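Structural overview
Given next are the chains, with one letter for each unit.
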Amino acid sequence: MNFSKTQNQIVVPQGGLDTETSVLELQPGQLLECYNFELADPKGWKLSSGYERFNGMPKPSEASFSAFNTTYLSIGLAGDTATYPGGTALLLTDYSSSSTIVLYVITGSIPVAGDTLLIAGTPICTADSVYTSTSLSEIKGWTILAIDTARSLISVVPGDGSVLGVWSSFGKVYAFRNDGPVAKMYESSSTGWVEVVFPYQLPFSTGIGSGTDYPLPGETVTNGTATAIIIKLQVTSGTWAGSDAAGVLTISPPAGGSFSATDALTFSVSPDTSVATSSDSQIELLPDGQFEFDNYNFKGSTDTLCMYGVDGVNPAFEFDGTDFVQIYTGLNPDNPSHIFNNNSQMFVAKQSSWLVGALGDPFGTWDSVHGSDEWGMGDEITGAVVTPGGTAISFARNSISIIYGDSSGYTIKTYSPDYGAVAGSMQNAIMPVFLSDAGLSSLQSSERFGDFDTSMLDAPVKDFITQYKNLFLCSVLFRNKNEYRMYFEGGRCLRLKFKSGQIDGFSLDRYLLDVRGASASVRSDRFLASTTIEKDHVFFYADDGYVYQMDSGESFDGEAIDALITLPYNHMGYPRLKKRWYNVVLEIESNSSLAEIFVAPDYKMYSPSRSSYSPSIVTPHAAGGRWNLVAWNEFIWGDGSQDFFNKINLRSVSTGIGLSIYYSGRESSFNIKNLTYRFAMRGERR
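Computed from a predicted model, the values in this text were never measured in an experiment.

Conventions we followed
Counting of residues starts from 1 at the beginning of each chain's written sequence and follows it residue by residue. Under the rules for a predicted model, residues below a pLDDT of 70 receive no local features and side-chain atom pairs below 80 are neither given nor counted, while totals for whole chains, interfaces and linings still include all residues. Remark: hydrogens and water are excluded; side-chain values derive from all non-hydrogen atoms of the structure. Under the DSSP-based scheme used, a helix requires at least four consecutive residues in state H or I and a strand at least two consecutive residues in state E, with every element numbered from the N terminus. Buried residues are those whose accessible area, probed at 1.4 Å on protein chains only, stays under 20% of the maximum for their type, while exposed residues exceed 50% and partly exposed ones sit between those limits. Here a residue-residue contact requires only that any non-hydrogen atoms of the pair lie within 4.5 Å. We get accessible surface area from the Shrake-Rupley algorithm with a probe of 1.4 Å; when it comes to residues, only the shown protein chains can shield them. By this rule, a helix spans an expected 1.5 Å times one less than how many residues it contains. Only strands that DSSP links by at least two bridges are regarded as paired with each other. Only the stretch in contact is used when a helix axis is fitted, and all axes are lines through C-alpha atoms; the angle between N-to-C directions ranges over 0 to 180 degrees. Per-residue confidence from the predictor is reported as pLDDT, a score between 0 and 100. The rule for a salt bridge is simple: a side-chain nitrogen of Lys or Arg has to be within 4 Å of a carboxyl oxygen of Asp or Glu. Ring pairs shown here join Phe, Tyr and Trp side chains whose ring centres sit within 6.5 Å, with only the six-membered ring taken for Trp; geometry is labelled stacked below 30 degrees between planes, edge-to-face above 60, and tilted in between. The rule for a charge over a ring is simple: NZ of Lys or CZ of Arg within 6 Å of the ring centre, and within 35 degrees of the ring normal.

Scanning the protein from terminus to terminus reveals two helices and 56 strands. Considering the protein as a whole, with its 686 residues, one finds that 51% of them fall into the buried category. Across the protein, the fraction of contacts at a sequence separation of at least 24, relative to all contacts at a separation of at least 6, is 62%. Only carbon and sulfur atoms are counted for the fraction: they give 49% of the accessible area of the protein, which is about 28900 Å².

Here helix 1 (residues 136-152) is 17 residues long and its end C-alpha atoms lie 24 Å apart, about the 24 Å a rise of 1.5 Å per residue gives. Regarding helix 1, the residues found buried are Trp 142, Ala 146, Ile 147, Thr 149, Ala 150 and Arg 151.

Further remarks concern the sheet that holds strand 25 (residues 305-310). The strand order across the open sheet built from four strands is 24-25-26-27, with neighbouring strands paired in antiparallel fashion. A strand with exactly one partner marks an edge of an open sheet, and here the two such strands are strand 24 (292-297) and strand 27 (324-327). Each neighbouring strand pair of the sheet contributes to a mean axis angle of 25°, computed without reference to strand direction. With three bridges connecting them, strand 25 and strand 26 (residues 316-319) associate as antiparallel partners. Residue Met 307 lies in a different strand from strand 26, and its bridge partner there is Phe 319.

Its place among the elements puts Glu 667 in the loop between strand 55 (657-665) and strand 56 (670-684). Taking the C-alpha atoms as reference, Glu 667 lies 9.5 Å from Asn 591; in sequence the two are 76 residues apart. Not counting residues up to four positions away in its chain, the partners in contact with Glu 667 are Lys 140, Glu 554, Ser 592 and Leu 594.

In this section: the pairing of strand 36 (residues 409-416). Across seven bridges, strand 35 (residues 400-406) lies against strand 36 in antiparallel orientation. Looking at the pairing, Ile 400 lines up with Ser 416 of strand 36. In sequence, strand 35 turns back onto strand 36 through a hairpin of two residues.

Let us look at the confidence of the model for the protein. Per-residue confidence for the protein averages 87 on the pLDDT scale, and 89% of its residues sit at or above 70. Counting interchain partners and residues more than four positions distant, the pLDDT-below-50 stretch residues 524-533 has 18 contacts. Every residue in residues 624-641 is under pLDDT 50, and counting partners more than four places away or in other chains gives 38 contacts.

Attention shifts here to the pattern of salt bridges. In this structure the tally under the stated criterion is 22 salt bridges. Among the salt bridges present, the one from Arg 151 reaches Asp 557, with a minimum N-O distance of 3.4 Å. In this pair, Arg 151 sits in helix 1 while Asp 557 sits in the loop between strand 47 (547-550) and strand 48 (561-570), placing the two residues 406 residues apart along the sequence. Comparing Arg 151 with Asp 557 shows no difference in burial state: the two are buried. Notably, a salt bridge pairs Arg 516 with Asp 543, separated by 3.1 Å at the nearest N-O pair. Of this pair, Arg 516 sits in the loop between strand 44 (502-510) and strand 45 (517-518) while Asp 543 sits in the loop between strand 46 (539-541) and strand 47, and the two are 27 residues apart along the sequence. We classify Arg 516 as partly exposed; its relative accessible area is 28%.

Turning our eyes to something else, we now look at the side chain of Ser 66. Within the secondary structure, Ser 66 is located in strand 7 (residues 66-72). Contact partners of Ser 66, with chain neighbours within four places excluded, come to Ile 101, Val 102, Leu 103, Val 105 and Ile 110.

What the four strands build is an open sheet, ordered 13-14-15-16; its pairing is antiparallel. The open sheet terminates on both sides in strands that have one partner only, identified here as strand 13 (160-169) and strand 16 (194-195). Of the strand pairs in this sheet, strand 13 and strand 14 (residues 172-179) are connected by seven bridges, and their pairing is antiparallel. Residue Val 163 lies in a different strand from strand 14, and its bridge partner there is Arg 177.

What follows concerns the packing of aromatic side chains. One pair of aromatic rings is described through two measures. These are the centre distance and the angle between the planes. Summed over the entire model, instances satisfying the criterion amount to 42 aromatic pairs. Between Phe 198 and Phe 324, the ring centres sit 4.2 Å apart and the planes meet at 25°, which makes this aromatic pair stacked. Taken as a pair, Phe 198 in the loop between strand 16 and strand 17 (200-208) and Phe 324 in strand 27 lie far apart in primary sequence, 126 residues in all. Taken as a pair, Phe 198 and Phe 324 share a single burial class, namely buried. Aromatic side chains Trp 240 and Phe 267 sit 6.3 Å apart centroid to centroid with 80° between the ring planes, which places their arrangement in the edge-to-face category. Remark: Phe 267 occurs in strand 21 (residues 264-267) and Trp 240 occurs in the loop between strand 19 (227-237) and strand 20 (245-251); sequence separation between them is 27 residues. By relative accessible area, which is 5% here, Trp 240 ends up buried. Judged by its relative accessible area of 9%, Phe 267 falls in the buried class. Among the aromatic residues, those joined into a ring-pair cluster are Tyr 51, Tyr 487, Tyr 511, Phe 540, Tyr 546, Tyr 548 and Phe 556. Positioned above the aromatic ring of Tyr 582, the side-chain terminus of Arg 678 is 5.0 Å from the ring centre.

As C-alpha cells, this is what we get:
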C-alpha cells in the first residue's frame, strides 16, 4: 500500500443523535452529543431557530432602525419618545448636535425630509436626509438596539400566575390567564394583548313554538323593557314544538334595563315565547383551568370556522372570532377536560367518559358515544387524536381504545389494556405518536383493514426517555418540518424528524425556560386565505406570563443560542492504520458572515489524558441565500454560487479522529451540509 498518498472522506449527516449504540459502531455522520442543532432537510445539521416573546406587536426579529442626518435643535436621550407628523419613535442612542439621530419607529411611518421631531413637545431636530452607514459594526449595533427595543415593548399576558392556554385562529393568537377570582381571555393585536369581552347569558324555560320554529341568532329578545340581541340559543332539554324547551340564550349586553327570573320573553321575528329562569349575567370563567383546543368548521363555509376549547373547570366553548359562547353538554358538573372534532361531531371527555354532540351542531343534543349512557373507558382519559382515515384513537393513562364509526353508530375497541399515553404527548404525525410507560411509541395501520400495530421509536435515545419521561411537559407537531417535539422540565426538547414516511433521526434542544404548553401548527391557522402560504405558527407559554413564538428569530428571546454537536471517532474504515491528518473542510451555508463557529478535533478517542487542542474558528461566508423573499423570516438557501467551503487545518497522527462543533450567538443561522477529511495513511499501529 502506498501510505503517502492523500485521501479524502466525505461525512454526510445521517441518523441524528444516538446515545445507545456503541461508539465504535456509530456511523461517521451520526451524533454523540447534540443540542440546539436540528436535522435539516434534505441534509445537514442546521442551527436551531430561536424563540421570541409575542403579543401581536411587531416581532423583535423583524425590527429595524431608521437613521437620519438632521438639523440640530435640542438634545435627546436614548429611550425618549419622539413624535413627528407621520408617527412616533423611540431614540435608540443619545442625540446631540454632533450625532446622527437613530430611531425605532413604534407607530406610523418613518420621518421624511423636513419633519420636525419633538420630545415632550420640545423640538429636537429637523430630519434632512437618510443617513447611510458604511460601517458593518455600526449597522449591527443599531440593529441589535432596535431588536432589543422592540422586545422590551412586548408585555406579558395580563393577570397573575402561569398562562393557562394559548392558541391561534382567525389570524390572531389567544391566551388565557387568571385575573384574581376569574380567568380571562386575551387576543393579540398591533398594540398588544386586548381582553376579549364576554357576552351575557339568560337561562330560559317553557319555550313555546310551533313545528321547528325557534328564535335565531340576530333576533331581539325582550321582556318589554330590556332588549338584547341573540348570539346563540342552546336547548338543553325539551323542544320548542313540545312547548317545554329549556336552555340558555347567549345575548349581547342588555339595553334599557335587565332581565330577571320569571320575566316573560318575546322575540322580534319568531312567534315563540319563553320565560327567564334567572337574571342575565355576563359569562365568567372559573380560574385555574388547563386549556385544550381544536379548530373546526361544522358548516363548511369559508367564514364559519370556529375555535373550540375545554379546560376541566368550565363548560366547553365556541369562539367565532367575535363572540365567546359556552356549550352545555349535560355533564354534572359540566367541565370537560379533553376535546376533538371528527366527522362533523364534537367529542368531549371528562374523567373516564366520552360524550358526543349532535351531527353538525355542538349546540344540539348531547349523548354518549354508545347511546343512552356515557361510555366509560375504566381509566382516566388523557386525550385523543384523529388519524388521516378519520378513525379516532382515545388514550387513557393506562389503556388505548379505538373509536370506529360515525353519527349512525360507533364501535369501541380496546386496543391496549396494559399501557396508555401521558397527557399532552399525543400528536398525529405520519402516524399517532405518544409517550407511554414503555417509551416513545406509535400506532401504525396494520395490514388488517382498520386495525393498528404498535411500534417503539426511541431506540437511539432510550436512556434519555427513561431518565426524563417523568419530567414531560407538552408536545407539538411541526407539520411543514415533519417534526415531532417533546418538551421536558429543565428546558429540554427532544426532536424526532421524519423524512419520506420514515424516521430520519433525533436531536436535542436546550431552551432557557420550560415550555409549559403550546398551540398546534398549521392546523390552528387553517383560516388563512388560499393566496397566503401556510407556515408553522406555534406559540407557547412558560411560567413568566409571556407568550412566545417558536422557531422565530435567531436568539432565545434576546439571549445567545449555545449549540453543540459531537461526531463519533472515525477511523475511516481502517481502525489499525495510523493517519496523518491534514485538514477538514466544512461545507456551510449561512445567512450572514457574522457567525463564529468553533471546531475542535479529538485525536485520542475521548481519552481523559488526551492533549488539549485549541478550537479553530470558522467564519462562513454568506451563502447567497435570501431572507424574506416569500415570507418573512424564511430563509431560502443559496444555489452554490458562493464559496461555502471552510478549511480547518489539522496537526496530528492517530488512528482516527472525532470532532466537536460549537456556536454561541444571537444573529446568525447556518447549515453544515457535510464535511470532508483529508489525510494520508502512515502505517499500522503496533
